[in-house]
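# Examination of the molecular architecture
Residue-level listing of the chains:
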Amino acid sequence: MAADLTEIERMIAAALPGARVSVTDETGTGDHLRAIVAAPQFEGLTRIAQHRLVKSAVSERFDDGTIHALSVKTELPG
Amino acid sequence: MADAELKQKVEELIAANPVLLFMKGTPEMPRCGFSMRVVQALDTIDVEYGAIDVLPALQPLREVTAEISDWQTFPQLYVNGELLGGADIVEEMLASGELAEALGVEQPQAAPAPQGPPAQSPPLQIE
């Protein structure tokens with residue numbers, strides 16, 4: 001089942017209030033996604049900690065098998 | 001629950017190797033594109049590192065790293081006992097020059113030049 005990109009974006013945005021989130025389908029198969037996230041919560045965190053925040057926001061969709069891979073690019077809001 | 005004996009072994013390996021890569025396959029023959037990308041990044045930096053093939057014990061190792069560092073996907077690059085990241089983070093840090101810095105080596109000339117100040121570093125504390 002392909003992921004609903006808008007739902008994934010909403011899940012990340014809900015976990016990180018104030019974030020700018022853009023999720024795209026990398027392979028056209030709907031299960032390998034790429035998320036670009038700019039969030040004020042990233043301030044002062046290591047990249048791995050930033051990525052953990054994003055991945056944990058959508059862990060439900062990993063657990064149910066909707067997403068197989070999520071490539072993440074984090075930024076501080078400019 | 002992760003296997004306690006395996007977890008202890010992994011913790012000892014991470015402590016004993018300043019730069020340690022958990023990957024699918026070996027540096028000579030990576031079995032996954034993401035693992036290959038980290039190997040290539042490390043080769044660009046020309047740093048010595050230990051590598052562990054996770055494929056023979058993939059699920060038990062996932063459970064172990066989930067407990068140790070809250071991360072379940074491979075590759076995982078550990079530097080000085082801490083998880084630095086997977087392929088995305090390692091490549092980003094190579095491009096910005098932060099990878100060489102984290103590994104405590106000079107960035108070779110052939111590698112991409114640092115692109116200005118790293119946008120991700122925490123603000124400097126001035127006292």
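In what follows, the accompanying structure is described. These numbers were taken from a predicted model, which means no experiment stands behind them.

Rules and cut-offs
Residues numbered from 1 in each chain as written. Chains lettered and ligands numbered in written order. Predicted model: local features only at pLDDT ≥ 70, side-chain atom pairs only at ≥ 80, totals over all residues. Helix = DSSP H or I, 4+ residues; strand = E, 2+ residues; numbered from the N terminus. Buried ≥ 20, exposed ≤ 12 C-beta atoms within 10 Å, placed from the backbone. Contact = placed C-beta atoms within 7 Å. Rg over C-alpha atoms; globule rule 2.2 N^0.38 Å. Pairing = 2+ DSSP bridges. Nonpolar A, V, L, I, M, F, W, Y, C, P; charged D, E, K, R; others polar. Axes fitted to C-alpha atoms, helices over the stretch in contact; angles between N-to-C directions. Left-handed = near helix turned anticlockwise from the far one by under 90°.

To continue, consider the overall build of chain B. Counting its secondary structure elements, chain B contains 5 helices and 4 strands. Tracing chain B from N to C terminus, the helices and strands come up as α-β-α-β-α-β-β-α-α. Counting across all 127 residues of chain B, residues that qualify as buried make up 35%. For chain B, contacts bridging at least 24 residues in sequence account for 59% of all contacts bridging at least 6.

Bringing the overall build of chain A into the picture now. A count of helices and strands for chain A gives 3 helices and 3 strands. For chain A, the succession of helices and strands along the chain, N to C, is α-β-β-α-α-β. Radius of gyration (C-alpha) of chain A: 12 Å, near the 12 Å computed for a compact globule of 78 residues. With respect to the three principal axes, the spread of C-alpha positions in chain A is 35 × 20 × 20 Å. Relative to its 78 residues, chain A shows a buried fraction of 29%. Within chain A, contacts between residues separated by at least 24 positions form 53% of all contacts whose residues are at least 6 apart in sequence.

Our next topic: the pairing of strand β1 (residues 19-23) of chain B. Two faces make up the sheet, and in a regular strand the side chains alternate between them. Residue and element names in this part refer to chain B. The element β1 is largely enclosed, with a buried count of 5 among its 5 residues. A two-sided burial pattern is seen for β1, the buried positions comprising V19, L21 and M23 on one face and L20 and F22 on the other. With 4 bridges joining them, β1 and strand β3 (residues 76-79) adopt antiparallel strand pairing. Bridge pairing in β3 places L20 opposite Y78.

Each partner contributes residues to the interface: chain A has 10 residues there, and chain B has 10 residues. Taken together, the residues that form the side of chain A that touches chain B break down as 3 nonpolar, 3 polar and 4 charged.

All names here are of chain B. Put simply, helix α1 (residues 4-16) and helix α3 (residues 58-69) touch, their axes get as near as 10 Å, and they point 65° apart. Regarding α1 and α3, the two cross each other, and that crossing is right-handed. On α3, the residues that touch L6, K7, V10 and E11 of α1 are P60, V64, E67 and I68. Grouping the constituent residues of the contact of α1 with α3 by class yields 5 nonpolar, no polar and 3 charged.

Below, the discussion takes up the environment of F62 of chain A. In this fold, F62 of chain A is placed in helix α3 (residues 59-63). C-alpha of F62 of chain A to C-alpha of D31 of chain A: the two residues are 31 residues apart in sequence and 9.5 Å apart in space.

The next subject is unusual backbone geometry. Residue and element names in this part refer to chain B. In the segment running from F74 into P75, the intervening peptide bond is cis, with an omega of 10°. Assignment of secondary structure puts P75 in the loop between α3 and β3. Positive phi values are uncommon outside glycine, yet D70 reaches one of about 55°. Counting through the fold element by element, D70 comes out in the loop between α3 and β3. With 13 C-beta atoms counted inside 10 Å, the residue D70 sits in the partly exposed group. The backbone phi angle of N80 is positive, close to 50°, even though this residue is not glycine. Mapped onto the elements, N80 comes out in the loop between β3 and β4 (82-85).

Here we take up the environment of M36 of chain B. Residue and element names in this part refer to chain B. Relative to the assigned elements, M36 resides in helix α2 (residues 33-45). Overall, M36 belongs to the partly exposed group, with 18 C-beta atoms counted inside 10 Å. Taking the C-alpha atoms as reference points, M36 and M23, 13 residues apart in sequence, are found 8.5 Å from one another.

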